[in-house]
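Each chain, letter by letter, is given below.
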Amino acid sequence: MEDTVESYRLKWTQEGRDEQQVSAVSYGKSAAEDYKARKAAEPGVSAVEIVPVPPGQ
């Protein structure tokens, strides 16, 4: 069985936009948690989530 590195992206709601935004960059778990806190602190941003990236994407 191969070891797989889990990757995560951020998904959030931006005030004034109809669709949820998704980060273009994938992060490891601890980095995703750090970036989630930074993103949540930005004005007009809400509902920040960490979502797993399916293998191969």
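Rules used in this analysis
- Residues numbered from 1 in each chain as written.
- Predicted model: local features only at pLDDT ≥ 70, side-chain atom pairs only at ≥ 80, totals over all residues.
- Heavy atoms only, no water.
- Helix = DSSP H or I, 4+ residues; strand = E, 2+ residues; numbered from the N terminus.
- Contact = heavy atoms within 4.5 Å.
- Pairing = 2+ DSSP bridges.

Student: What's the story with the overall build of the protein in this structure? I'm lost.
Tutor: When its secondary structure is counted, the protein shows one helix and three strands. Counting from the amino terminus, the protein carries its helices and strands in the arrangement β-β-α-β. Across its three principal axes, the protein shows a C-alpha extent of roughly 45 × 20 × 15 Å. Contacts spanning at least 24 positions in sequence make up 50% of the contacts within the protein whose residues lie at least 6 apart.

Student: What's the story with the pairing of strand β1 (residues 7-14) in this structure? I'm lost.
Tutor: The two faces of the sheet receive side chains in turn, since in a regular strand these alternate between them. Bridging between β1 and strand β3 (residues 45-53) involves seven bridges; their strand directions are antiparallel. Residue pairing across strands places Leu10 opposite Ile50, the latter belonging to β3. Where β1 and strand β2 (residues 21-22) come together, two bridges link them in antiparallel fashion. What sits directly across from Trp12, in β2, is Gln21. Joining the antiparallel neighbours β1 and β2 is a turn of six residues, in which Gly16 adopts a positive phi near 90°.

Student: Which parts of the structure should I look at to understand the environment of Gly44?
Tutor: Structurally, Gly44 can be placed in the loop between α1 (29-40) and β3. Separated by ten residues in the primary sequence, Gly44 and Asp34 have C-alpha atoms spaced 18 Å apart. When near neighbours in sequence (up to four residues on either side) are disregarded, Gly44 contacts Thr13, Gln14 and Glu15.

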